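# Structure assessment
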Amino acid sequence: MSPWIACLLLIVGGYVLLAWLASKVAPAEPVLRTIVGWSYGVRVVLTLGFFFISFWKLPILTSLQMPEGFWTFGLDCITYHAYGVKIVEAWNWGIELPHPGLGIEYYAVIALMYKLLGSAHPLYPALVNSLMAAANGLLAYLIVKRLADRRAAFW
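Below, the structure is looked at part by part. Please read these numbers as outputs of a predicted model, since none were measured by experiment.

Ranked by size, the top nonpolar core spans 28 residues in total, and within it Leu18, Leu32, Tyr40, Tyr124 and Leu138 carry the most contacts. Of all the secondary-structure elements, those providing two or more residues to this core are helix 1 (3–25), helix 2 (30–55), helix 3 (75–93), helix 4 (105–117) and helix 5 (123–147). When sequence neighbours within four positions are dropped, the list of residues in contact with Tyr40 reads Leu10, Ile11, Gly14, Tyr15, Leu18, Leu127, Ser130, Leu131 and Ala134.

Counted at 1.5 Å a residue, the expected span for helix 5 with its 25 residues is 36 Å, and the 36 Å between its end C-alpha atoms agrees. Every buried residue of helix 5 is listed here: Leu123, Tyr124, Pro125, Leu127, Ser130, Leu131, Ala134, Leu138 and Tyr141. Where the residues of helix 5 are buried, they touch helix 1, helix 2, helix 4 and helix 6 (150–154).

Below, the discussion takes up the packing of helix 1 against helix 2. Where helix 1 meets helix 2, the closest approach of the two axes is 9 Å, and the angle between their N-to-C directions is 160°. Relative to helix 2, the element helix 1 lies roughly antiparallel. Note that helix 1 runs across helix 2; the crossing there is right-handed. Of the residues in helix 2, those in contact with Trp4, Leu10, Ile11, Gly14, Tyr15, Leu18, Ala19, Ala22, Ser23 and Val25 of helix 1 are Leu32, Arg33, Val36, Gly37, Tyr40, Val44, Leu48, Phe51 and Phe52.

Thresholds applied
Residue numbers here run from 1 along each chain, matching the order of that chain's written sequence. The predicted nature of this model means local features are confined to residues of pLDDT at least 70 and side-chain atom pairs, given and counted, to a pLDDT of 80 or more, with totals for whole chains, interfaces and linings taken over all residues. To get the side-chain values, take all heavy atoms of the structure and skip hydrogens and water. Residues grouped as a nonpolar core are buried Ala, Val, Leu, Ile, Met, Phe, Trp, Tyr and Cys residues, joined through side-chain atoms within 4.5 Å. When a residue's accessible area, from a 1.4 Å probe over protein chains only, is under 20% of the maximum for its type it is buried; when over 50% it is exposed; and in between it is partly exposed. Comment: elements are numbered from the N terminus, with helices defined as DSSP H or I runs of at least four residues and strands as E runs of at least two. For this analysis, residues touch if any pair of their heavy atoms sits within 4.5 Å. To estimate the expected span of a helix, count its residues, drop one, and scale the result by 1.5 Å. For helices, the fitted axis covers only the stretch in contact; all axes are lines through C-alpha atoms, and the angles between them, taken along N-to-C directions, range from 0 to 180 degrees. Should an angle fall under 35 degrees it is taken as roughly parallel, and over 145 as roughly antiparallel, whereas 65 to 115 is taken as roughly perpendicular and any remaining angle as oblique. Two helices crossing with the near one rotated counterclockwise from the far one by less than a right angle form a left-handed crossing, whereas a clockwise rotation gives a right-handed crossing.

In structure tokens form, the structure reads like this:
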């Protein structure tokens, strides 16, 4: 599958998942789905914007840009991507997994994402992180609603 089609599927699938979760969390509150949807949309636009600014080497914050769409303020992404690729290769060849020196959990999540989508692309984890960050809005709503009330949860 083309990385761009996979990115589109991640974006659309993420929105559908968030809309469904919002309707389950607060079925009588359609505005919650709108808030979470906008939150997700803004995060996706920022993710794509930062990626393409660096990937195309646009003259914006050039001292912070790195190759392949990475940024110096997110150096850990390069390591996660590299080990994700190595883990997928190890799975494909049936050899021992590389050891990143720390826990392998998040590296394995990245590798599984690459394996399921059929290719390794730095945008995949960033788009999934956008989804998870927007989903935190639903968790915050549930927590505040339980501790206070519905009105406070929206704030």
